[in-house]
Amino acid sequence: MSKITQHPFILVDGSSYLYRAYYAFPQLTNSIGEQTGAMYGVLYMIRSLLMQYKPSYIVIVFDAPGKTFRDELFNQYKSQRLPMPDDLFKQIIPLHEIISAMGLPLLTASGVEADDVIGTLALQASKQGLPVLISTGDKDMAQLVNKNVTLLNTMTSTVLGPIEIVDKYGVPPSLIVDFFALMGDDSDNIPGVPGIGKKTALALLQGIGNLETIYKNLSTISSLRFRGSKTLAEKMLQYKDIAFLSYKLAKINTNVDLTADYNRLITRAPDLEKLYALFSRYEFKGFLVDVRNSDWLIKNTTRLLITNSVIKNDIFVAQKPSCALSTEQYQTILTKADLIKLVEKLQSTKCFAFDTETDSFDMLSANLIGLSFAIEDHNYNGAYIPLGHDDLDTPQQLSINEVLEAIKPILVNKHIKKIGQNIKFDYSIMANYNIDLKSMTFDTMLESYVLNSVAGLGRHDLASLAKRHLNYKTITFEEISGKGKKQSTFNKIPLLRASQNAVKDTNTTFLVHKKLWPQLQAKPKLKSIFQKIEMPLVSVLARMEREGVLIDTKKLAKQAQEISNRLMKIEKKAYVLAEQEFNLASTKQLKAILFQKLQLPIIKKTPSGTPSTNEEVLEELADWHALPKIVLQYRRLSTLKLTYIDKLPMMIHPNTKRLHTSYHQAVTATGRLSSRNPNLQNIPVRMEEGRRIRQAFIAREGYKIMAADYSQIELRIMAHLSQDQGLLNAFAKEQDIHRASAAEVFDVLLTDVTSEQRRSAKIINFGLIYGMSAFGLSRKLGITRSQAQRYMDHYFERYPGVLSYMERTRKQAAEQGYVETLTGRRLYLPNITSRNAVRRKASEREAINAPMQGTAADIIKKAMIALDKWIASLKPDLYMLMQVHDELVFEVKESTVDRSQQKIRQLMEQSMTLTVPLKVDIGIGNNWDEAH
C-alpha cells in the first residue's frame, strides 16, 4: 500500500463528503428540529484528516450551484440523479460557516465541478514536487494519481497510489479516462460504447493502448465478432462519437482558471468564539470539547497560493489578479497635496466606490468621521480621508470644510458614477453637510436584492455579499472596535486600523459590484427594475426619512393611561376565570392553567415539544373556554401599548421634534418596502385602539394630512393578470368588487347582497389572492369545509379566468423556479418542486400571490419617484411623509390642498397601465386617522 508523506497538501472533495455523510451517518437533529447529520459526518471526516496528517495546507472544495460545461456537452449528464434532498440542502450553508470558522480555505468555481478544481490544484502542486493527498470517494479522481498525488477514502481509510490504481482497475491512472470512455459510468450517466463492459474495455486498453490508439488500429480487431452480426471494430466505429464524447465527460479539467480565487487559499487560525457558538447551536457536544482543547484545529496561518509554477520557500505565491482591486494598497490622506492628487484621480475616473464613516447610525445627528474611496486602478486602489478621529495617537487631519469643499464637485458630478453599499445612509449623512449626492448609480445591496430577493439566499449586507460572491470574510466593526461597554466609536479607533478597514470595505463593495452588475446586464428586465425603480427610489426614501412626521404626545399619553386601566380590568377578569391570580405575560404560568388545571386540549406543540399558546391556538381554544379570549385581548392591548403607544414618544428626535422611521428596500421577498424604528406597516388598524394611534400623527400648523390609498390594487392586478371577463366588467363599471363577487358567488341580485355576504365575498377575494385553501376559508368564515369548498367552486365557475391564472402560474413556477411581476421582478421559489407537500403547497401559494404583491410594490414605487420629482418644484407646499402598504401620506399646505389632491391622484393612477384602471382614494384631515 502507498505511504502518505506526513504534512501533505490535502484537497478535500467536500461534495463527495457531503453525500457520503448524509447517507452513512445518522439523520441527526438539534433540539429545534434543524437537520445536522450530514454536517456532523463531514466535520467528523475532516477532523480525522487533520488529526492523522496534520497538514500545513488544506483546501475544501465543493461543487458550485448551476450547470457545468459537461451539461452543455451532454444534456443527459448526471440526469438520472435525484435532486438534492431538501434536508441535505439546508445543511450546506451552516456547514460552510463552520468550515470557514475553522479557518479552512473553502473553494467553489462556477461552470465546473469540484473534481476540476481539485484536479487543477493537484496538478500545479504536483509539478512543484509537493506531496498531494486527495480525500474523496469519487472513482473519477483515479486519473489524477501519480508519484506525487495519492487518493484517500476517509470512510474506508483506503489509500491509492499508482500501483493500487492498477490493482483496483486493471489499468494505470493514465488510462482511467479511456477506461470509463469505453465502458461508461452509470453514476454520472456517461454513456460509453453500448455493449462494452469492463472485460472488453480492459482487453482493448491492455492489448492496444488508449482510446485514440484503439481507433487508429481498428483493423487489428476487425475479425473479432461482437454481439449480433457486427464485428467489434464495426461496433466501435459506429459509436466513435459517443466514445470520444464520453472521454470528454470523464476527463477532469486540470486547467481551470483559479487566478481570482488564489487569495482565498489561506489557512487561518480558527475563530474559536464563532466555532463554539456554531457547535453549541447544532449541539455537537464532542466538537465543543475539542474547541476548548483545540486538539485538532490548525492554529497557524499559512498562505498557499499557486501561480505559473513558481515556488518560494515551499509556499506558493500568487500574482495579483488583473481584474481585482487590491485590499492592501491604500493611502491615508493627511496633507493638502495628497488631497489634490486624490481629487485629480477621482475626476479622471468614470466610476469609483464611495463610503462614509460616522460616529453614529443616527442619520440626522451622526458626525462624519471619514470618507473612503476605491478606484479601479492597479497602482492606486483606494484612499481614506480622516476627518474626525480624536484618538490620542491620531496625527493632524485636514479640516472637514477644506476636504468637503474639494470633494463636493466630484460627489455632485452627474457624469462620474458612484458605487456604494446601502447608499441611502451615505446620501443622508452627506445631506447633513449640504451635499446632494448625484449619480449614485450602483448600490450593491440593491443589485443583490434585485437579482434574488428570497431570504433563503442570504442577507444583502456587505459581509454576506463578500462571503457569497468573493468568498472573502470582511472585518466586522466589533473586531476593530470591541464589544459591549468597551466598544469604541469609529473616531476612537487607531487611525491606521480604521483607515485600512474603511478602504477594504470600499474595495470589497467595488469587487462585489463587478460580480453582480454583469449578472444584471444579462437580465434586461431586472436591470430595468434596478435602474428605473430601485436606484431612483433611494434618494426619495432618504428625503422621506429626513422629513419625518409630527406626533401628538399628549394624545398618546392619554391613550396609554386608558389602556393601562383596561389591562387592569382584563387581568381581574382573567383571575376570576382561572380561579387564581397569575402573570398573564408568562407563557409558563398560562400553560399550567390552560392544560393542567383547566385540562384544555393541546392543539399544537412548539419545536421543544411543549404545548403552544400562540394566537392561532388561543383563537381555537376560545371555543372551549372564555379564558383564552381574555388572554388574547390582554396580549393585543399590551403589545400595542408597549410597541407603539409607550414607545413612539421616546423615538421623537431631539433635533427635529419629529418621528423618523427607516425604510428598507432589500428585506421583503416580493419587493414591498418595510419600515423599522418604528415599523409603520404593523400598526394594527383593525383594532379601534390601533386606529387611535393614527390620530397622534398630525400636521404642522397651516398644513393638513393627506392620505392617498390605491383602491383594491391587488384585485385589479388579478383582473389584469387573469383577464377574467367577470372581474374586468366589474371594474370597468366601477362596481363594488366585493359586492359584485358576492352577487356571483351567492347567486343573488347586486341590490340584494347583504353586508354579511359582502364580507364573505371580500374574504374569498383576498383569500384566493393569498392561495387560501378550503380549510383556511372555512376557518375565516366560520363555516364547514365542504361549504367553503362549494363557495370556492362557485367562485371559479363565475370567474374561470382566475382559476386558469392560478393553474398556469403554478405550472410556470414549477418549470422555471420563479414567478415575475408585470415589470419583470422575480421571486424565486426554491421549494416549488419539493417532495415535502407542505413546503411545495406554501410555495404554490407564494407563486400565485407574489406577482400581485410585487406588481403593487412596483406601482407605488414608480408613483413615489414621479411624485418626488413633482414635489421638488413645490416646496415648502407639500411633503411626502410615509409609505404604508398601498398608501402614501403627505403633509400639504392648506391653501394648496385641492390642487395637490388632483395632481397626486393623477400621478398615482398613471404609474402603470393595466387592463382595468387604477383608482386612488384620497382623504384629508388634521391627523392620519381622519385622512385615512
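Residues numbered from 1 in each chain as written. Predicted model: local features only at pLDDT ≥ 70, side-chain atom pairs only at ≥ 80, totals over all residues. Heavy atoms only, no water.

A. Molecular detail of the pairing of strand β24 (residues 878-884). Within β24, 7 of the 7 residues are buried, which leaves it mostly tucked inside the rest of the structure. Bridge count between β24 and strand β25 (residues 887-893): 6 bridges; the pairing is antiparallel. What sits directly across from Gln883, in β25, is Leu888. Taking the residues that link successive antiparallel strands as the turn, the β24-β25 hairpin has 2 residues, and the phi of His885 there is positive, at about 55°. (Buried < 20%, exposed > 50% of the residue type's maximum accessible area, 1.4 Å probe, protein only. Helix = DSSP H or I, 4+ residues; strand = E, 2+ residues; numbered from the N terminus. Pairing = 2+ DSSP bridges.)

B. Molecular detail of the packing of aromatic side chains. Counted under the stated rule, the structure contains 24 aromatic pairs. Here a set of aromatic residues connected by ring pairs shows up, and it is made of Tyr40, Tyr44, Phe279, Tyr282, Phe284 and Phe287. The ring of Trp928 has Arg694 lying over it, and the distance from NZ or CZ to the ring centre is 3.8 Å. Between the NZ or CZ atom of Arg700 and the centre of the ring of Tyr879, over which it lies, the distance is 4.3 Å. (Phe/Tyr/Trp six-rings, centres within 6.5 Å; stacked < 30°, edge-to-face > 60°. Lys NZ or Arg CZ within 6 Å of the ring centre and 35° of its normal.)

C. Region of the structure containing the environment of Gln91. Position of Gln91 relative to the elements: it lies in the loop between α4 (86-89) and α5 (92-101). Given a relative accessible area of 1%, Gln91 falls into the buried group. Taking the C-alpha atoms as reference points, Gln91 and Pro830, 739 residues apart in sequence, are found 15 Å from one another. If we ignore the near neighbours within four places in the chain, the residues touching Gln91 are Gln35, Thr36, Gly37, Ala38 and Met39. A polar contact is formed between the side chain of Gln91 and the backbone oxygen of Asp87, at a distance of 2.9 Å. (Contact = heavy atoms within 4.5 Å. Polar contact = N/O pair within 3.5 Å; in protein donor to acceptor, adjacent residues only side chain to side chain.)

D. Here's a closer look at the pairing of strand β16 (residues 440-443). Here strand β15 (residues 417-420) pairs with β16 via 3 bridges, running parallel. Bridge pairing in β16 places Ile419 opposite Phe442. Handedness of the crossover is the feature at issue here: the chain leaves β15, passes through helix α17 (residues 423-431), returns alongside β16, and the resulting connection is right-handed. (Right-handed = clockwise from strand over helix to strand, strands pointing away.)

E. Region of the structure containing the sheet that holds strand β2 (residues 57-61). Read from one edge of the open sheet, 6 strands run β3-β2-β1-β4-β5-β6, paired in mixed fashion. Unpaired on one side and paired on the other, β3 (106-107) and β6 (158-160) mark the two borders of the sheet. Note: strand β5 (residues 149-153) against β6, 3 bridges, orientation antiparallel. Its bridge partner being in β6, Leu151 is matched across the sheet by Leu160. Running at roughly 170° to strand β1 (residues 9-13), helix α6 (residues 114-127) makes contact with β1, β2, β3, β4 (132-135) and β5 of the sheet. (Axes fitted to C-alpha atoms, helices over the stretch in contact; angles between N-to-C directions.)

F. Here's a closer look at unusual backbone geometry. Put simply, Asn677 and Pro678 share a cis peptide bond, and its omega is 0°. With respect to the helices, strands and loops of the structure, Pro678 is situated in the loop between β19 (674-676) and α28 (688-694). The backbone of Gln723 shows a phi angle near 55°, a positive value even though the residue is not glycine. Inspection of the secondary structure assignment puts Gln723 in the loop between α29 (713-722) and α30 (725-732).

G. Structural context of the pattern of salt bridges. Here the structure, examined in full by the defined rule, presents 32 salt bridges. We note a salt bridge from Glu844 to Arg810, for which the minimum N-O separation is 3.9 Å. With Glu844 in helix α36 (residues 837-871) and Arg810 in helix α35 (residues 800-816), this residue pair connects regions lying 34 residues apart in the sequence. The exposure class of Glu844 is buried, given its relative accessible area of 16%. It is possible to trace a salt-bridge network through shared partners that takes in Glu534, Arg825, Asp858 and Lys861. (Salt bridge = Lys/Arg side-chain N within 4 Å of Asp/Glu carboxyl O.)

H. Main features of the environment of Val916. Tracing the backbone through its elements, the reader meets Val916 in the loop between α37 (897-909) and β26 (920-925). The buried category is assigned to Val916, whose relative accessible area is 3%. Other than its neighbours up to four places away in sequence, Val916 contacts Arg716, Ala719, Leu728 and Phe731.

I. Spatial organisation of the side chain of Arg658. Residue placement: Arg658 occurs in the loop between α27 (647-650) and β18 (662-664). The class for Arg658 is buried, based on a relative accessible area of 9%. There is a polar contact of 3.2 Å between the side chain of Arg658 and the side chain of Glu891. Leaving out residues up to four positions away in the same chain, Arg658 has contacts with Glu547, Gly548, Val549, Leu550, Met651, Ile652, His653, Arg700, Leu881 and Glu891.

J. Up close: the packing of α29 against α36. Following both chains from N to C, one finds α29 and α36 inclined at 115°, their axes separated by 9 Å at the closest point. The handedness of the crossing between α29 and α36 comes out as right-handed. Between α29 and α36, the residues in contact are Ile713, Glu714, Ile717, Met718 and Leu721 and Asn849, Pro851, Met852, Gln853, Thr855, Ala856 and Ile859, respectively. Considering only residue class, the contact of α29 with α36 consists of 8 nonpolar, 3 polar and 1 charged. (Left-handed = near helix turned anticlockwise from the far one by under 90°. Nonpolar A, V, L, I, M, F, W, Y, C, P; charged D, E, K, R; others polar.)

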